Amino acid sequence: MGNGIDADVLVIGAGPAGASTAILLKLAGWRVILVEKNCYPRQKVCGECLSAAALALLDQLGVATAVRDRAGPELTQVGWMSGAATLIAHLPPCTGGPYRYGQALGRDQLDAILVNRAIELGVILIQPGRVRSVRGELGNFECDIQLSAQDYAQPGRLHESVIRRVPIIVDAHGSWETGPQACTRPTSRKPRRGSDLFGFKASFVNATIPQGLLPVLSFRGGYGGLVMAEDRRLTLAGCIRRDTLAGWRGHLPGTSAGAAFELYLRASCRGVREILAGARRSEPWLSIGPLRPQIRLRKSDRLFSVGNAAGETHPLIGEGITMALQSAFLLAGYLIKQPARAIDATRALEIHRAYRSAWRSVFALRLRLAAIFAHIAMRPVLSLPVTRLLGDCPQVLTAAAHLAGKASKPVAQSLLFEGIL
Ligand SMILES: Cc1cc2nc3c(=O)[nH]c(=O)nc-3n(C[C@H](O)[C@H](O)[C@H](O)COP(=O)(O)OP(=O)(O)OC[C@H]3O[C@@H](n4cnc5c(N)ncnc54)[C@H](O)[C@@H]3O)c2cc1C
């Protein structure tokens, strides 16, 4: 492959945001390069819940059947597990799209399905390939791509690399990893704080959970969720504060962070103990962090960004994948209104402005609500009265799931993509 400009766009990262952006732009006739640093299939810290809106968007990408055939049962009920309490209510059905309820599927499978679809359509995939740096301006970006997955483990080693020149770049590198150098904006290095949140995930077999139940876990210093995914595999994912985990590990010398997180959940929530009684963990614990839920889109951005690179919500509401897909639809909807070569600096500014504003109108409220729900779930002084309220009025849980977006129709699709695909 030559190093001249032979593509219209390069997408950094093949998570749900990057892979779906690549698919949409390719469907619109653009020449697309997609770069992913990890080999697939790979596991990821994620609760793995797909909302009904996400399934509708996956339909448009041509993969919903593959996803639904493999995914776990439809999620029809929401639970609140806090201390000894387990409260259950109906999940509100989505009435504005083809699917009423969400399902769960492992990220090893979902991300691979999306990438395979991109390849099938003719997207050029560079994997493993890590975008190390981005130089240049719109119309003539230069991407330095390292063609190895093991570069972090062996810093001294020489690695083959290629330079690709492309007119447009979409940044979909996620959020918990350092992005490509000089890619968008300097990564803010915040000092370590006790309140830093770390994410954990593991899978279990032989767990017993009522069919279709999606429990939210509330405990001092963190929150989490449980869900039955494909092949009766239970995913347990959650977040915990640095100081809470450190204090707990002080009582458990020699215990890994993941194992300590599991013991803490079992000790904190009777519901977790009951569901995991007799279950066996089938994979090692994965962890990431610290998480920084926030809006990342800035006026000064040189690259277009989607998914967590554009903005991230507290994972309590399990809407990150939906947001990743929706932001891809939003951005692609603006980009493909003209041929790639017609996007000059002035047009790019207009697209940035319109996309930022649409992004905020679709997601900003969801981010704020997720932050409020997360703070309630983590603080006993707030979660105790909420648990009492939910005991008297379980419909409040249904209403909260509604507010969190669980019944929302796929907004970005209906806003911009109808009729285009
Ligand atoms: C504990 C927890 C539970 C969650 N539960 C849920 C849930 O149940 N449902 C839900 O919808 N969301 C959930 N989320 C959120 C969800 O995982 C994210 O919102 C989603 O993964 C974001 O997708 P993305 O494509 O933006 O980024 P990612 O999925 O992070 O993908 C980014 C990709 O870019 C690649 N990359 C990074 N840097 C480079 C580089 N320099 N060059 C090349 N490639 C690069 C990475 O390897 C990665 O594959 C959860 C998150 C956490 C932490």
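Located above this text is the structure these notes cover.
One structure accompanies this document, and this report is about it. Fair warning: this is a prediction, and the values are worked out from it, not measured in the lab.

### A short note on the site of the ligand
Of all residues adjacent to the ligand, which total 37 residues, the nearest are Glu36, Gly47, Arg107, Asn308 and Ile321. Between Gly47 and the ligand, the recorded distance is 2.7 Å, taken from a backbone N or O atom to a nitrogen atom. Within the backbone of Ile321, an N or O atom sits 2.7 Å from an oxygen atom of the ligand. With the chains in place, 98% of the 1000 Å² that the ligand exposes on its own is no longer accessible. Breaking the shell around the ligand down by element, the ones donating at least two residues are helix H1 (16-27), strand E8 (130-137) and helix H8 (320-335). Looking at the shell around the ligand, the element that brings in the most residues is H8, giving three residues.

### Here we look at empty space enclosed by the protein
Under the definition given, this model contains two cavities of 30 Å³ or more. In this structure, the largest cavity encloses a volume near 100 Å³. Every residue along the wall of the largest cavity is listed here: Cys49, Leu50, Ser51, Ala52, Leu75, Leu91, Pro92, Arg100, Tyr101, Gly102, Leu214 and Lys406. When the residues that make up the lining of the largest cavity are grouped by side-chain class, the tally is eight nonpolar, two polar and two charged. Size it by volume and the second largest cavity reaches roughly 40 Å³. Residue composition of the lining of the second largest cavity, by class: four nonpolar, two polar and one charged.

### Description of the nonpolar core
Counting 66 residues, the largest nonpolar core has Trp30 and Leu58 as its most contacted members. Residue contributions to this core peak at 11 residues, all from H8. The contact partners of Leu58, leaving out residues within four places of it in the chain, are Leu50, Val63, Ala64, Val67, Leu110, Leu114 and Leu325. Core analysis: the second largest hydrophobic core is formed by 29 residues, Cys49, Leu75, Cys239 and Ala370 among them.

### Comments concerning the pattern of salt bridges
Counted under the stated rule, the structure contains 21 salt bridges. Between Arg135 and Glu142 there is a salt bridge; the shortest N-O distance is 3.4 Å. For Glu142, a relative accessible area of 28% gives the class partly exposed. A salt bridge links Arg347 to Glu350; its shortest N-O distance comes to 2.8 Å. With a gap of three residues between them, Arg347 and Glu350 both fall in helix H9 (residues 345-378), about one helical turn apart. You can call Glu350 partly exposed: its relative accessible area is 36%. Shared partners join several salt bridges into a network, and the residues in it are Glu48, Lys201, Glu230 and Arg233.

What counts and how
- Residues numbered from 1 in each chain as written.
- Predicted model: local features only at pLDDT ≥ 70, side-chain atom pairs only at ≥ 80, totals over all residues.
- Heavy atoms only, no water.
- Near = heavy atom within 4 Å.
- Polar contact = N/O pair within 3.5 Å; in protein donor to acceptor, adjacent residues only side chain to side chain.
- Areas by Shrake-Rupley, 256 points an atom, 1.4 Å probe, with all protein chains shown as cover.
- Helix = DSSP H or I, 4+ residues; strand = E, 2+ residues; numbered from the N terminus.
- 1 Å grid on protein atoms, 1.4 Å probe; cavity = no way out; pocket = protein on both sides within 12 Å on 5 of 7 lines; lining within 4 Å.
- Points joined across faces, edges and corners; volume = space filled by probe spheres on them.
- Nonpolar A, V, L, I, M, F, W, Y, C, P; charged D, E, K, R; others polar.
- Core = buried A, V, L, I, M, F, W, Y, C linked by side-chain atoms within 4.5 Å.
- Buried < 20%, exposed > 50% of the residue type's maximum accessible area, 1.4 Å probe, protein only.
- Contact = heavy atoms within 4.5 Å.
- Salt bridge = Lys/Arg side-chain N within 4 Å of Asp/Glu carboxyl O.

Fair warning: the whole summary comes from geometry, so function is off the table for now.
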